[in-house]
Each structure stands twice: as C-alpha cells, then as structure tokens.
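# Report on the structure
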Amino acid sequence: MTKIATIGCGLIGQGWATVFAQAGFDVAMYDASAEAAERALETMASRISDLVEFELVTAADAPRILQRITVAPSLEDALNDAVYIQESGPERLDVKREITQMLDAIAAPDVPIGSSTSGISASRYCKEIAGRHRCLVVHPINPPHLIPAVEIVPTPWTDPDIVSKVNALMIECRRETIVLSEEIDGFVVNRLQGALLEEAFKLVGSGIVSAADLDKAISDGLGLRWSFMGPMQTIHLNAPEGVAQYVERYGEMYRSFGVGPSDSVDWKDVANEKLGPEFEERIPTSDIPDAQAARDRKLMALLRHKAQTRSETPPVSPVTQE
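Note that this is a predicted model, so its numbers are computed, not measured.

### Concerning helix 7 (residues 160-172)
Two residues of an α-helix separated by three or four positions point the same way, owing to the 3.6 residues in each turn. For helix 7, built from 13 residues, the straight-helix expectation of 18 Å at 1.5 Å per residue is met to within 8% by its first-to-last C-alpha distance of 18 Å. Buried within helix 7 are the following residues: Ile162, Val163, Val166, Leu169 and Met170. One side of helix 7 carries all its buried residues, which in axial view fall inside an arc of 130°. Of the exposed residues in helix 7, those oriented more than 90 degrees away from the buried face are Pro160 and Asp161. Two or three places before Asp161, at the start of helix 7, stands the capping residue Asp159, its side-chain oxygen 2.8 Å from that residue's backbone nitrogen.

Take a look at the structure:
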C-alpha cells in the first residue's frame, strides 16, 4: 500500500482522506489539534456509511476504507513514507506559508505538496521555500469526496514532473482534473462562480428577480446541461455548425446585454482559434446530431432523477410568524 498524508482535519481534510482511502491508499491524517484529529476520525465512519447508503461504496468495502485511515500522533509520523501531501489548513496566507515551510523541511525530497486553498496562488506563500519546485495548488470542490473536479495549479517554478505526478495520482483517485497552464488567483472554478454571482447579485439586488427564481434559472435551466457537459460544449451543440456559428449568431446579442464580447475578449477570435479546432477533434460538426441525441437522453435521465428526488423529499413546514 502507498501512503498519503492529509494535513488539517476539517471538512476538506476529511473529504480528501475519504477520496484517497477509497482509491486504496493508506491515509495518515494530522492536525495541530489532537482533539480535532480524533473527532475527524470518528466522523469518517458516518461519512463512509452515507456513501454505502447511496451505493457509492459497497458495504463490504466500507470497513476496509475506514481501516486505511489513521490519525498520526505527530507531523513527522504523518509525513514518514508519504508519497503525496495534501494540505488543507486555514485560508490565510501567513498560515499557508508557515505550514508549507514545515512540510518542506520534514518531507522526503520531491514529494509533492498540494494545497486545498480556494483562491490563494501557491507562489504567494512558497516563493522563499527551498523546495518550492514541488509546491502547487490542488483545489477540490466542496465536498471533495462527492464532487470529482479538482483544479491543479502550478506556480511559475513548479517542476512539470511534479504536475504530471499529481495529475496521474488524482486520476487514479477517480478525480476529474482541471490542469491550468499558468497560475491565476481564484483559479477557474471560483472565477466562473464569481462572474455568475456578480450578475446574480445585480439581478436580485435591482429587484428584477427573486433569489428563489434566480436559483431556478440555474437548477432547472442552465445547470441541467452544465452538470454533464459544461457551458462550452452546451453552446457547441446549440448551433448546427458548432461553436463558431453560435458565436456568430448570438455574440452581438450578448454584447447588447453588457456581458458579451468586449475589447479584452473577442469571442470570435477565441472560437476560431481555440474552441473550433478543439471541438472539431472532440465533436466534429458532422457528429453534432448524434451528440444532441445523447445530450437529450442524459437530460431525460436527469429529469427523471430530479422528479424522483422531489417526490421523496418531505414537505417543509411553514415558519410560524410571531
């Protein structure tokens, strides 16, 4: 068995421990608070039990998964023989710097040190660290053991072999990796979420729509297709000749809303130079009808699941007004 160290035993650290243990790794959890570490270990049984209930883990595998997770009595014990380190400490630059310095001083050379930070680029805390070449962001989406996407964000000096090693490890853990070519604060997921939230706050704040109805626009609208294909593939399948034709048809409409093509980002250039060639390999325009049919089948399956979920959810009692 191969060992992975998870540093920090909060919800993110617990989620990571579940991911690694499910993939067959031995996991050593460590937290500066021994009480937090022991409490986390107790919580893991409930977490694994939930996975069994929803048939994401078999009842036979559950005990084996739990047996792979232990609490290390010290940081040195946690890092000993570890082939990868996942740090999930507080979201503070000074804390990230201090923890990473300690990890780099103790861990064996060239063992990757990934951070679960949600938006702090690794170069901001590891620039002066001797082993900065092995530091990078490995950002999960909360909760890590349920949402498969993971962002891998190298610094300008992260060794490419480290990036490749971490990417391979995450794939082995059945994660869907998003590998950035260069560092940017906020990475991809939170920058996308932030852009959508900015428009959402404008619409709700101006009284144009209620928060409940705005949420429907995503959960019962855009989010249905985005849940299995994302926005780029969505628009590629929304025009008979693909993404370039979509931009040609609707780019000016988006510009009129104040949210479309701009002086800084020309949608046509991106579509012609990047999106078009990529999709011609992934889903050629000749295959769009078949891809649309596959999309519709997935949508029907998702709608059936949502309908079942709603029918199984007990009604919420109204709040008594005093």
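Continuing now.
### Brief notes about the nonpolar core
Among the nonpolar cores identified, the biggest contains 31 residues, and Phe20, Tyr84, Val138, Val166 and Met170 are the most heavily contacted of them. At the level of elements, helix 1 (11-22), strand 2 (26-30), helix 2 (34-53), helix 3 (61-67), strand 6 (135-140), strand 7 (149-154) and helix 7 are the ones that each hand at least two residues to this core. Contact partners of Met170, with chain neighbours within four places excluded, come to Trp16, Phe20, Tyr84, Gln86, Val138, Val150, Ile152, Arg175 and Thr177. Formed by 26 residues, the second largest nonpolar core is a distinct cluster that contains Ala82, Leu103, Ala122 and Val153.

### As for the sheet that holds strand 5 (residues 113-115)
On the basis of which strands lie adjacent, the open sheet formed by 8 strands has the order 3-2-1-4-5-6-7-8 and mixed pairing. The open sheet terminates on both sides in strands that have one partner only, identified here as strand 3 (69-71) and strand 8 (176-179). Averaged over all pairs of adjacent strands, the angle between strand axes in this sheet comes to 25°, irrespective of strand direction. Two elements, strand 7 and strand 8, share 4 bridges in a ladder whose sense is parallel. Each bridged residue has a counterpart across the sheet, and for Val150 the counterpart in strand 8 is Thr177. The strands that helix 5 (residues 93-106) touches are strand 1 (3-7), strand 4 (82-87), strand 5 and strand 6; relative to strand 4, the one it contacts most, it runs at about 170°.

### Description of the packing of helix 1 against helix 2
One way to put it is that helix 1 packs onto helix 2 with a least axis distance of 10 Å and a crossing angle of 60°. Regarding the angle of helix 1 to helix 2, the classification is oblique. In this structure, helix 1 meets helix 2 at a crossing whose hand is right-handed. For the pair formed by helix 1 and helix 2, the contact residues are Leu11, Gln14, Gly15, Ala17, Thr18 and Gln22 on the first element and Ala40, Thr43, Met44, Arg47, Ile48 and Leu51 on the second. Of the residues belonging to the contact of helix 1 with helix 2, the class tally is 6 nonpolar, 5 polar and 1 charged.

### Here's the deal with the packing of aromatic side chains
On inspection of all chains with the given rule, the structure shows 5 aromatic pairs. Measuring from ring centre to ring centre gives 5.1 Å for Trp16 and Phe20, while their planes differ by 15°; the resulting arrangement is stacked. Of the two residues, Trp16 and Phe20 both sit in helix 1, 4 residues apart, roughly one turn of that helix. There is no split in this pair, since Trp16 and Phe20 are both buried.

### Comments concerning the UniProt feature "site: Important for catalytic activity" (unreviewed entry) in the protein
Following the UniProt record, the feature "site: Important for catalytic activity" (unreviewed entry) maps to His139 here. Following the sequence through the fold, His139 ends up in strand 6. What His139 contacts, discounting residues up to four positions off in sequence, is Ser115, Ser116, Thr117, Ser118, Ala149, Val150, Glu151, Phe187 and Asn190. In terms of polar contacts, His139 uses its side chain to reach the side chain of Glu151, at 2.6 Å.

Definitions and cut-offs
Residues numbered from 1 in each chain as written. Predicted model: local features only at pLDDT ≥ 70, side-chain atom pairs only at ≥ 80, totals over all residues. Heavy atoms only, no water. Helix = DSSP H or I, 4+ residues; strand = E, 2+ residues; numbered from the N terminus. Expected span 1.5 Å × (residues − 1). Buried < 20%, exposed > 50% of the residue type's maximum accessible area, 1.4 Å probe, protein only. Arc of directions from axis to C-beta. Polar contact = N/O pair within 3.5 Å; in protein donor to acceptor, adjacent residues only side chain to side chain. Core = buried A, V, L, I, M, F, W, Y, C linked by side-chain atoms within 4.5 Å. Contact = heavy atoms within 4.5 Å. Pairing = 2+ DSSP bridges. Axes fitted to C-alpha atoms, helices over the stretch in contact; angles between N-to-C directions. Parallel < 35°, antiparallel > 145°, perpendicular 65-115°, else oblique. Left-handed = near helix turned anticlockwise from the far one by under 90°. Nonpolar A, V, L, I, M, F, W, Y, C, P; charged D, E, K, R; others polar. Phe/Tyr/Trp six-rings, centres within 6.5 Å; stacked < 30°, edge-to-face > 60°. UniProt positions renumbered as here; feature names shortened; annotations may be inferred.

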